[in-house]
Every structure is written in structure tokens, then in C-alpha cells.
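Examination of the molecular architecture
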Amino acid sequence: QVQLVESGGGLVQPGGSLRLSCAASGRLFGSMIMTWYRQAPGKERELVARIGGGGSTNYADSVKGRFTISRDNGKNTVYLQMNSLKPEDTAVYYCYTPTWSSWGQGTQVTVSS
């Protein structure tokens, strides 16, 4: 019911930064709850951050103070700014909206020296 496309992943050194983007289709983006999940090898997919249609945000304890979720409703895009990256942040990051139960394809983030 909605198409989500992530981008912005890559390889960074510990302490570095990346900004992930998730572009969504649909004219009702402004009312959608948008989230970022991540999944590391051998681990369950976990919720990283959430942003509501009204702009409220929530973060996993492991990323508080380092990651920031935001949205640009004019561009139908949600972002995840990731700073002070750690090797433990290495995972495939997925955009997901529970509003439509739709997942993006994922983008790989690797933090390594």
C-alpha cells in the first residue's frame, strides 16, 4: 500500500556519521508513523527510532543521544542521522511504517576501522 526506499548506508569508521534516507510514496505521508529498524547478523530485528505524524520521537536506549530521526513531509522522506557510530551499530537498517505495515528493502551500515 506504500513503497519505501532506503538509501545512504555505507562503510564508516568508528566515531563517524551517516545519514539514512527513506523515501515514501503516497499522498498521506504526513499522517504516517515512520520508524527505523535494524538487524545485525544472528540477531532479531530491533526498533531503533520512531517518529509520529505530529513529530513526536522515540529512540532505543542504545542510540539515544547519537541518532536523530526527522521527516520532511514536503519530500515524503524520513531521515536517520547517525553520529558517533560504533561497531555495534553495524546492521542492515530498514524503514518501516506500521501505518501500512510496509518495509523498505534495507540499507547496509558497516562501522569498522
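The structure contained in this document is the topic of the report that follows. (Residues numbered from 1 in each chain as written. Predicted model: local features only at pLDDT ≥ 70, side-chain atom pairs only at ≥ 80, totals over all residues. Heavy atoms only, no water.)

1. Overview of the overall build of the protein chain
- Counting secondary structure elements, the protein chain contains zero helices and eleven strands.
- Computed over its C-alpha atoms, the radius of gyration of the protein chain comes to 13 Å, within 12% of the 13 Å expected for a compact globule of 113 residues.
- Burial status across the protein chain gives 42% buried among its 113 residues.
- Long-range pairs, those at least 24 residues apart, make up 53% of the contacts in the protein chain between residues at least 6 apart in sequence.
- Separation between the mean location of the 11 positive side-chain charges and that of the 7 negative ones in the protein chain comes to 6 Å. (Helix = DSSP H or I, 4+ residues; strand = E, 2+ residues; numbered from the N terminus. Rg over C-alpha atoms; globule rule 2.2 N^0.38 Å. Buried < 20%, exposed > 50% of the residue type's maximum accessible area, 1.4 Å probe, protein only. Contact = heavy atoms within 4.5 Å. Lys, Arg positive; Asp, Glu negative; His and termini not counted. Charge placed at Lys NZ, Arg CZ, Asp CG, Glu CD.)

2. A word on the nonpolar core
- Formed by 28 residues in total, the largest nonpolar core has its most connected members in Met34, Trp36, Val78, Leu80, Met82 and Tyr93.
- Among the elements of the structure, strand 3 (18-24), strand 4 (34-39), strand 5 (46-51), strand 7 (67-72), strand 8 (77-82), strand 9 (91-97) and strand 11 (107-111) are those that each provide at least two residues to this core.
- The biggest single contributor to this core is strand 3, with four residues.
- Residues in contact with methionine 82, not counting those within four places in the same chain, are Gly16, Ser17, Leu18, Leu20, Arg66, Phe67, Tyr93 and Val109. (Core = buried A, V, L, I, M, F, W, Y, C linked by side-chain atoms within 4.5 Å.)

3. Brief notes about the environment of serine 62
- With respect to the helices and strands, serine 62 occurs in the loop between strand 6 (57-59) and strand 7.
- Remark: the alpha-carbon pair of serine 62 and glutamate 88, spanning 26 residues in sequence, is separated by 9.5 Å.

4. Looking at the side chain of arginine 66
- Along the chain, arginine 66 turns up in the loop between strand 6 and strand 7.
- A polar contact of 2.9 Å, which involves the side chain of arginine 66, links it to the backbone oxygen of serine 62.
- If sequence neighbours within four positions are ignored, arginine 66 has contacts with Gln81, Met82, Asn83, Ser84, Leu85, Lys86 and Asp89. (Polar contact = N/O pair within 3.5 Å; in protein donor to acceptor, adjacent residues only side chain to side chain.)

5. Section: the pattern of salt bridges
- A complete count under the given rule lists four salt bridges for this structure.
- Notably, a salt bridge pairs glutamate 46 with arginine 38, separated by 2.8 Å at the nearest N-O pair.
- Arginine 38 is paired through a salt bridge with aspartate 89; the nearest N and O atoms lie 2.9 Å apart. Note that arginine 38 is positioned in strand 4 and aspartate 89 in the loop between strand 8 and strand 9, a separation of 51 residues in sequence.
- Given the relative accessible area of 6%, arginine 38 is considered buried.
- Assessed through its relative accessible area of 2%, aspartate 89 is described here as buried. (Salt bridge = Lys/Arg side-chain N within 4 Å of Asp/Glu carboxyl O.)

6. What to know about the packing of aromatic side chains
- With the rule as written, the count across this model stands at four aromatic pairs.
- Ring centres of tyrosine 37 and tyrosine 96 lie 5.8 Å apart, and the angle between their planes is 85°; this geometry places the pair in the edge-to-face category. Of this pair, tyrosine 37 sits in strand 4 while tyrosine 96 is found in strand 9, placing the two residues 59 residues apart along the sequence. By the burial criterion, tyrosine 37 is buried, and tyrosine 96 matches it.
- Grouped by ring-pair contacts, the aromatic residues Tyr37, Tyr94, Tyr96 and Trp103 constitute a single cluster.
- Positioned above the aromatic ring of tyrosine 94, the side-chain terminus of arginine 45 is 3.8 Å from the ring centre.
- Above the face of the phenylalanine 29 ring, arginine 71 is positioned so that its terminal group lies 4.6 Å from the ring centre. (Phe/Tyr/Trp six-rings, centres within 6.5 Å; stacked < 30°, edge-to-face > 60°. Lys NZ or Arg CZ within 6 Å of the ring centre and 35° of its normal.)

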